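Listed here are the chains, written in short residue letters.
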Amino acid sequence: MVALATAFRPRRPFFAHSPFRREERDAVIALWQRCELTRPWNDPVRDIERKLSEDPALLLIGADELDRPIASAMVGYDGHRGWLYYLAVDTQWRGRGYGRALVERAETLLIERGCPKLMLMVRQGQPSLERYYHQLGFSDSETVTLGKRLIRDE
Ligand SMILES: CC(C)(COP(=O)(O)OP(=O)(O)OC[C@H]1O[C@@H](n2cnc3c(N)ncnc32)[C@H](O)[C@@H]1OP(=O)(O)O)[C@@H](O)C(=O)NCCC(=O)NCCS
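- Under the annotation held in an unreviewed UniProt entry, the chain carries the name GNAT family acetyltransferase and is attributed to Kushneria aurantia.

This is how it looks when you write it as structure tokens:
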């Protein structure tokens, strides 16, 4: 008799359509730190909690074959524009199209919600990242983004 059930099966096949699970929190924050996406004025724990309270289906996590988080995207929709945040692919997994897959998944989720346009912010001084987004179909919006802090995380 052949044992069929012994092969490892990840809970979700790569790639990356699974919403965040609470037990992944520390691993996802560590991923963001490795990808240099965290900032002292943004508490990532609070960022995750805010997202989960608003629309948990829009925090996407990509996992490796052992179901460990290796990629993420946080998507927002405010009824007018969609926004992409925390796009991250862990260093050793880059260049395999996982970032593109997450962006395309974000686009699909937004289109399903009737969102007409996806926006994102790139911190200044990252021309290669801007080129990356250009080849994914984004163009410069020729606007200056202004922000005003309403809740302090520090
Ligand atoms: C940006 C990031 C998510 C890209 O992830 P990735 O999985 O390596 O990207 P992909 O493999 O999907 O790349 C898609 C395409 O972009 C190209 N590309 C990747 N990085 C690029 C760059 N810096 N400049 C130009 N093109 C780039 C790839 O060659 C690929 O082209 P192809 O699909 O025609 O083969 C990843 O580098 C990352 O996590 N960076 C650190 C965090 C960060 O800066 N996030 C963005 C915050 S705004």
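Structure's up, so let's keep going.
1. Remarks on the side chain of Asp-153
Part 1: The residue Asp-153 is located in the segment after helix 4 (127-135) in this model.
Part 2: Residue Asp-153 is classed as buried on the basis of its relative accessible area of 7%.
Part 3: For Asp-153, the side chain forms a polar contact with the main-chain nitrogen of Asp-43, separated by 2.9 Å.
Part 4: Side chain to side chain, Asp-153 and Arg-46 meet in a polar contact 3.5 Å long.
Part 5: The residues contacting Asp-153, other than those within four sequence positions of it, are Trp-41, Asn-42, Asp-43, Arg-46, Asp-47 and Arg-50.

2. Digging into the nonpolar core
When a protein is soluble and globular, its nonpolar side chains tend to lie buried together.
Part 1: Val-75, Leu-84, Leu-87, Leu-102, Val-103, Tyr-133 and Phe-138 are the most contacted members of the largest nonpolar core, which totals 22 residues.
Part 2: Mapped by element, the contributors of at least two residues to this core are strand 3 (69-77), strand 4 (82-89), helix 3 (98-112) and strand 5 (118-120).
Part 3: Per-element accounting of this core gives the leading share, 6 residues, to helix 3.
Part 4: Within the second largest apolar cluster, 13 residues are counted, among which are Leu-31, Leu-52, Met-74 and Ala-88.

3. Some points on the sheet that holds strand 1 (residues 18-19)
Sheets are built from strands that pair by backbone hydrogen bonding, the pairs being arranged parallel or antiparallel.
Part 1: Taking strand neighbours across the sheet as the criterion, the 5 strands line up as 1-2-3-4-5 in an open arrangement whose pairing is mixed. Looking at strand neighbours, the two that pair on one side only are strand 1 and strand 5, the edges of this open sheet.
Part 2: Sheet topology note: the strand 2 (residues 59-63)/strand 3 ladder contains 5 bridges and is antiparallel. For Ala-63, the partnering residue across the bridge sits in strand 3 and is Pro-69.
Part 3: The sheet strands contacting helix 1 (residues 25-34) are strand 2, strand 3 and strand 4, and the helix crosses strand 3 at an angle near 90 degrees.
Part 4: Where helix 2 (residues 44-54) meets the sheet, its contacts fall on strand 2, strand 3 and strand 4, and the angle it forms with strand 3 comes to roughly 55 degrees.

Rules behind the numbers
- Throughout this document, residue positions are counted from 1 along each chain, in the order its sequence is written.
- Local features in this predicted model are restricted to residues of pLDDT 70 or higher, and side-chain atom pairs are both shown and tallied only at a pLDDT of 80 or more, whereas totals for entire chains, interfaces and linings draw on every residue.
- Side-chain calculation: all heavy atoms of the structure are included, whereas hydrogens and water are not.
- Numbered from the N terminus, helices here are DSSP runs of H or I no shorter than four residues, and strands are runs of E no shorter than two.
- Relative accessibility decides the category of a residue: with a 1.4 Å probe and only protein chains considered, values under 20% of the type maximum give buried, values over 50% give exposed, and everything between is partly exposed.
- Between N or O atoms, a polar contact is any pair within 3.5 Å; within protein, one atom must be a potential hydrogen donor and the other a potential acceptor, and residues adjacent in sequence are included only when both atoms are from side chains.
- In what follows, a contact means two residues having at least one pair of non-hydrogen atoms within 4.5 Å.
- Throughout this description, the term nonpolar core refers to a set of buried Ala, Val, Leu, Ile, Met, Phe, Trp, Tyr and Cys residues connected via side-chain atoms within 4.5 Å.
- DSSP bridges decide pairing: two strands pair if at least two such bridges lie between them.
- Throughout, an axis means a line fitted to C-alpha atoms (over the contacting stretch in the case of helices), and angles, computed between N-to-C directions, take values from 0 to 180 degrees.

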